[in-house]
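# Survey of secondary and tertiary structure
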Amino acid sequence: GSTCNDATRGVQSCTETRTFTGEGAGQIAAGEAVDAAGNHATISFTVNADRTEPILTVTPPGEIVATPQLTLQGAASDAPSGLTSVTCNSVPATMTGSSFTCTTPLNEGPNSVLVLALDRAGNQARTLLSGLRDTQAPLVTMEPPLSGAITTAATSTITGHGRDTGRLQPLRRG
């Protein structure tokens, strides 16, 4: 609130407290005090109000990856106050304009990656990606004829089966 005082003659008038309800940069707050002798004192300052979270878009990678790390790309921006950071699992992203790239390590099996954009006012936008790192080769089985078998038949039927035991949950946005 506004505080006005004059130790000698007392304050005659003091500007009321101003409440900023709008959003945007460069809003001016000004105050004035007048004492009983007619002396004036003024003050002003600029307020930048930002209550809106940043805009964050992430280009999701493939559903399942085999690499030990994941590189994500996307865009982040914040018009009211500007961005302070973009991170992927707390690893800082590299920003070029509004585009970002970040690389985060992955463990074998299920993984989650939290992409977080933070603006100067403390507002945040987040995207949670979850998926799977699968470095295990699929299992392949074959049914007869056995390897090295000799046949007199004009045609032979060979049946094969493949199975990937590592497939759990595809990478998705949350």
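Structural data are supplied above this passage.
So, a few notes on the structure that sits alongside this text. In this text, all values refer to a predicted model and were calculated from it rather than measured experimentally. (Residues numbered from 1 in each chain as written. Predicted model: local features only at pLDDT ≥ 70, side-chain atom pairs only at ≥ 80, totals over all residues. Heavy atoms only, no water.)

### Some words on the sheet that holds strand β6 (residues 69–77)
- Taken in spatial order, the four strands make up an open sheet running β4-β6-β10-β9, and their pairing is antiparallel. Because the sheet does not close on itself, it has two edges, and the strands there are β4 (55–59) and β9 (94–96). Going from strand to strand, the sheet's axes swing by 25° on average, the running direction of each strand aside.
- In the sheet, β9 pairs with strand β10 (residues 99–105) via three bridges, with the strands oriented antiparallel. Looking across to β10, one finds that Thr 94 is bridged to Thr 101. (Pairing = 2+ DSSP bridges. Helix = DSSP H or I, 4+ residues; strand = E, 2+ residues; numbered from the N terminus. Axes fitted to C-alpha atoms, helices over the stretch in contact; angles between N-to-C directions.)

### Brief notes about the sheet that holds strand β2 (residues 24–35)
- Spatially, the three strands line up as an open sheet ordered β1-β2-β3, and their pairing is antiparallel. Looking at which strands have only one partner, the edges of the open sheet turn out to be β1 (11–14) and β3 (40–49). Taken pair by pair, the neighbouring strands of this sheet meet at an average axis angle of 20°, ignoring direction.
- The sheet contact formed by β2 and β3 spans nine bridges and is antiparallel. Bridged to Ile 28 within β3 is Thr 46.

### Some points on the pairing of strand β12 (residues 124–133)
- Taking burial as the measure, the 10 residues of β12 include seven buried ones, the bulk of the element.
- In this sheet, β12 lies alongside strand β11 (residues 109–119) in antiparallel orientation, the contact comprising 10 bridges. In the strand pairing of β12, Asn 111 is matched with Gly 131. (Buried < 20%, exposed > 50% of the residue type's maximum accessible area, 1.4 Å probe, protein only.)

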